[in-house]
Amino acid sequence: MPSSDLSETHQVIVDRSLDGGSSVAIEEIHACPLCGEEDYTEVFYGSDDRHGFQGEFTAVECLGCGLVYLKQIVNPERAKNLYEQYYTHDCIQDRKATVNESHLFTYLEKLGLVSLMRSLHASVFRRSVLFSRYIQKGDSVLDVGCGHGNLAHVVTEQGASWNGLEIDAKRCAYVRGMGYRCFEGTIEEFLEIRSERFDVLLLSHVLEHCHDPVAFIRSCRSALKPGGRLVLASPNYDSFDRRKFGEKWLHWHAPYHVCQFNQSTIGRLAVLSGMTIRSFTTMTPYCFFVRQRSAPRTGSAFLAWLYRLQPIVSLYLLFRDWFMPGDVLIAELVTKGAGEATRGASRG
């Protein structure tokens, strides 16, 4: 069973300086952060191919529960230093698309199919990726790791109240500047100083960054009202793209993505956290599909066509995800009910 004391399962192997006088420590993990098993098999070896942080990292698959996790991680207490210097949440957008240059697009537009595809794509995108189908009128919502508050308008359009939680002070200030409430800090720090509880917690691509996912989800559960819901989106290790692209899969993203989940390990995580899975689905966002196939990652020459044909590509992904597992898993977890203790849950 993993110890709650990280010093017993983590060992510092190198200390690395960053710009501005800060530093991070790279540590070796000796046991699976989900079940505590020490045996594993290596599945990936690589580096930070986006932001340039120096170092090599190995991802392994636990032989006990199947969780895939990094053996070398940035010390959790100093991870904020790394994120402030290197990390961004940019996603490829359709800003440069010149759709009218595509003869196929023009032909489809004359037939009236483009507007139909756009409507279908917008409906699917908003309901699946942006969580609106999980929000009910009157809900109080906490968006954990809210970034620049991209989900705020989706929540408020459903008649619910949106609140952000973000460790980055600059992003917090940005969200507040838009007129929304945003708390600076971690979920643990929020629980220490505030008694407010919520109907829904949103975790949009946050879980994969967590060094201790069980402790993190337990803390999230404590921020929910009895019967509350936790909705999370995270890369899907069982996805079609992961199997197709292997070590070039977009979401390895070392050292920022610490854990890679699938339906089985999300289910185990829910049980250990005192929650149950109400629903589970997978899908492939258009921006991930394009980024995965963009040069220089795969040397793709048809990136411009993917931009121009976004509605067509998005509908292709919609149908593909019916038959093959998508690149992102979306799970809705619910509390087992007030009074059910979770602190004694075993990870073994």
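Before reading on, note that the structure itself is shown above.
Just so it is clear, the structure is predicted and the values come from calculations on it, not from any experiment.

Chemist: Give a detailed account of the overall build of the protein chain, specifying residues and quantitative values.
Modeler: What the protein chain contains, in helices and strands, is 13 helices and 14 strands. Buried residues in the protein chain amount to 53% of all 348 residues. Relative to all contacts within the protein chain whose residues are 6 or more apart in sequence, the contacts with residues 24 or more apart total 69%. When the accessible surface of the protein chain is totalled, it reaches about 16,300 Å², and 50% of it is carbon and sulfur.

Chemist: Outline helix 10 (residues 263-272), listing residues and values.
Modeler: Every buried residue of helix 10 is listed here: T265, I266, L269, A270 and L272. Down the axis of helix 10, the buried side of the element spans an arc of 165°, and every buried residue falls inside it. Facing away from the buried side of helix 10, by more than 90 degrees, are the exposed residues S264 and V271. Tucked into the core, helix 10 has its buried residues touching helix 8 (213-222), strand 11 (224-235), strand 13 (275-283) and strand 14 (328-335). A positive backbone phi angle near 80° is found at G274, which sits one or two residues after helix 10.

Chemist: An account of the packing of aromatic side chains is requested, with residue identities and associated values reported.
Modeler: Tallied over the entire structure, the rule returns nine aromatic pairs. Here the aromatic rings of F44 and W252 are separated by 4.5 Å at their centres, their planes lie at 5°, and the arrangement is stacked. Residue F44 is located in strand 3 (residues 40-46), and its partner W252 is located in the loop between helix 9 (240-245) and strand 12 (259-260); the two are separated by 208 residues in the primary sequence. Here F44 falls in the buried class, since its relative accessible area comes to 7%. Ring geometry for W249 and W252: centres 5.6 Å apart, planes at 90°, overall edge-to-face. Relative accessible area serves as the criterion here: at 5%, W252 is assigned to the buried category.

Chemist: Explain a nonpolar patch on the surface residue by residue, including any values.
Modeler: Together, F319, W322 and F323 give the surface a local cluster of nonpolar side chains, amounting to about 440 Å² of exposed area. Structurally, W322 is set in helix 13 (residues 310-323).

Chemist: Explain the pairing of strand 11 to me, and be specific about the residues and the numbers.
Modeler: Along any regular strand the residues' side chains alternate between the sheet's two faces. Summarising burial for strand 11: nine of the twelve residues are buried, a large majority. With six bridges joining them, strand 10 (residues 198-204) and strand 11 adopt parallel strand pairing. Paired with L202 across the bridge in strand 11 is V231. Once the chain exits strand 10 it traverses helix 8 before rejoining the sheet at strand 11, and the crossover so formed is right-handed. Where strand 11 meets strand 14, seven bridges bridge the pair, whose relative direction is antiparallel. If you follow A233 over to strand 14, its bridge partner there is I330.

Chemist: Please give an account of the sheet that holds strand 4 (residues 57-62) that cites residues and values.
Modeler: On the basis of which strands lie adjacent, the open sheet formed by four strands has the order 3-4-5-12 and antiparallel pairing. Edge positions in the open sheet fall to strand 3 and strand 12, since each of these has one partner strand only. When strand 3 meets strand 4, the two strands line up antiparallel, connected through six bridges. Pairing of T41 across the sheet is with E61, part of strand 4.

Chemist: Before we move on, can you summarise the sheet that holds strand 9 (residues 181-184) with the specific residues and values?
Modeler: Strand order in the open sheet formed by seven strands is 9-8-7-10-11-14-13, with mixed pairing between adjacent strands. Looking at strand neighbours, the two that pair on one side only are strand 9 and strand 13, the edges of this open sheet. Strand-to-strand twist across the sheet, computed as the mean angle between neighbouring axes with direction ignored, equals 20°. As defined by bridge partners, strand 8 (residues 161-166) adjoins strand 9 across four bridges and the pair is classed as parallel. Bridge assignment links N163 to a residue of strand 9, and that residue is R181.

Chemist: Break down the nonpolar core for me, with residues and values.
Modeler: Nonpolar side chains tend to gather and get buried jointly when the protein is soluble and globular. Formed by 55 residues in total, the largest nonpolar core has its most connected members in L201, L203, F216, L230 and L232. Excluding residues within four positions of it along the chain, L201 makes contact with L142, V144, C220, A223, L224, R229, L230 and V231. In this structure, L151, W162, V175 and F288 belong to the second largest nonpolar core, which totals 23 residues.

Cut-offs applied
- Residues numbered from 1 in each chain as written.
- Predicted model: local features only at pLDDT ≥ 70, side-chain atom pairs only at ≥ 80, totals over all residues.
- Heavy atoms only, no water.
- Helix = DSSP H or I, 4+ residues; strand = E, 2+ residues; numbered from the N terminus.
- Buried < 20%, exposed > 50% of the residue type's maximum accessible area, 1.4 Å probe, protein only.
- Contact = heavy atoms within 4.5 Å.
- Areas by Shrake-Rupley, 256 points an atom, 1.4 Å probe, with all protein chains shown as cover.
- Arc of directions from axis to C-beta.
- Phe/Tyr/Trp six-rings, centres within 6.5 Å; stacked < 30°, edge-to-face > 60°.
- Patch = residues over 30% accessible without salt bridge, like charges linked within 9 Å, V, L, I, M, F, W, Y side chains within 5 Å.
- Salt bridge = Lys/Arg side-chain N within 4 Å of Asp/Glu carboxyl O.
- Pairing = 2+ DSSP bridges.
- Right-handed = clockwise from strand over helix to strand, strands pointing away.
- Axes fitted to C-alpha atoms, helices over the stretch in contact; angles between N-to-C directions.
- Core = buried A, V, L, I, M, F, W, Y, C linked by side-chain atoms within 4.5 Å.

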